[in-house]
Amino acid sequence: MSEQIRINNVDRFSGFGDLYDQSRPQAPVDLINILTMYLGRSPELVADVGCGTGLSSFIWLDHAKRIVGIEPNEDMRAVAMSRWQKQGRPAHLQFAPGMSYALPLEPSSVDLITCSQSFHWMDPQPTLQEFARVLRPGGLFAAYDCDWPPVLSPALDQAYEQLIQLADKRASELSEDGKEAYKWPKDQHLQQIQKSGLFQYSREIVFHHWEESDANRYANLALSQGGLQTALKLGANDIADAAEQFRELVKQEFAGEIRPILFGYRMRLGVTAKKRARP
């Protein structure tokens, strides 16, 4: 993976941290229960890598002795820090800059590493090597992602998908050579974990979570997608028009109501050996 691709992947998320934070789902309690069950105890140290605005870091406040959110994008990390300050600056939670392949953590110091909506932006094998370095024996790595769009209705599901596909196409067309972001396929996360040979057990776990949404939040979920934001930054006026049309359709469908929407999650998990292999 070239340094330019790393820079492109980090820069992709600049400029819309507040929109992202206000729109995206917060990981459900089921996630905490599953990972705590697999670990066999409450974690002492959770490292949330590619934590963005901290949505997947704050959920551990009452469930871990210490949490470190690691995020290379300054805009996203600034939103996380603002939330941290508003919540009274909890001493056992901190946010730090860092890349997935060079974590600011000591060897064998972490019980649990999570990547929420982020592992597909990381070069998997160097990243997994680094995760194995900092995980304790018997520690866990969990990459979890939402299925997009959230479940609501056939009409809105289809409109959401069409908008994102068009935005991704326009972002690709308008990006300068060498400036494109690159993401690894999410459906290969489990294979990457297994390929690394660093985990004694791995599996995929599927779960879901209901949340409530008004029309504004649902429309902003689509606008918080990186491809759409990239197209807008590159001056794709047709995408701005399409986004407004989508917002109007969502308003009509919601008709002023707050409605339940279903987020489906897919988590790929790896468990390290309880004893380190001798060199």
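An account of the accompanying structure is given in this report. What you see is a predicted model, and the numbers here were worked out from it, not measured in a lab. (Residues numbered from 1 in each chain as written. Predicted model: local features only at pLDDT ≥ 70, side-chain atom pairs only at ≥ 80, totals over all residues. Heavy atoms only, no water.)

**Observations concerning helix 7 (residues 189-196)**
Here helix 7 has its buried residues at His189, Leu190, Gln192, Ile193 and Ser196. Seen along its axis, helix 7 keeps its buried residues to an arc of 160°; they face one direction. Tucked inside the fold, the buried residues of helix 7 contact helix 5 (124-134), strand 5 (135-146), strand 6 (201-213) and strand 7 (259-271). Directly after helix 7, the chain includes Gly197, whose backbone phi takes a positive value near 70°. (Buried < 20%, exposed > 50% of the residue type's maximum accessible area, 1.4 Å probe, protein only. Helix = DSSP H or I, 4+ residues; strand = E, 2+ residues; numbered from the N terminus. Arc of directions from axis to C-beta. Contact = heavy atoms within 4.5 Å.)

**Side note on the side chain of Ser213**
Within the secondary structure layout, Ser213 lies in strand 6. Of the residues examined, Ser213 reaches a relative accessible area of 2% and is grouped as buried. In this structure the side chain of Ser213 is engaged in a polar contact, spanning 3.3 Å, whose partner is the backbone nitrogen of Tyr218. When residues no more than four places from it in sequence are discounted, the contact partners of Ser213 are Tyr218, Phe254, Glu257, Ile258, Arg259 and Ile261. (Polar contact = N/O pair within 3.5 Å; in protein donor to acceptor, adjacent residues only side chain to side chain.)

**A closer look at the packing of helix 6 (residues 154-174) against helix 8 (residues 215-223)**
Relative to each other, helix 6 and helix 8 sit at 30°, their axes nearing to 10 Å. Classified by the angle their axes make, helix 6 and helix 8 are roughly parallel. The two elements helix 6 and helix 8 cross, and the hand of that crossing is right-handed. Contact residues: helix 6 offers Leu156, Asp157, Tyr160, Leu163 and Ile164, while helix 8 offers Tyr218, Leu221 and Ala222. Of the residues contributing to the contact of helix 6 with helix 8, the split by class is seven nonpolar, no polar and one charged. (Axes fitted to C-alpha atoms, helices over the stretch in contact; angles between N-to-C directions. Parallel < 35°, antiparallel > 145°, perpendicular 65-115°, else oblique. Left-handed = near helix turned anticlockwise from the far one by under 90°. Nonpolar A, V, L, I, M, F, W, Y, C, P; charged D, E, K, R; others polar.)

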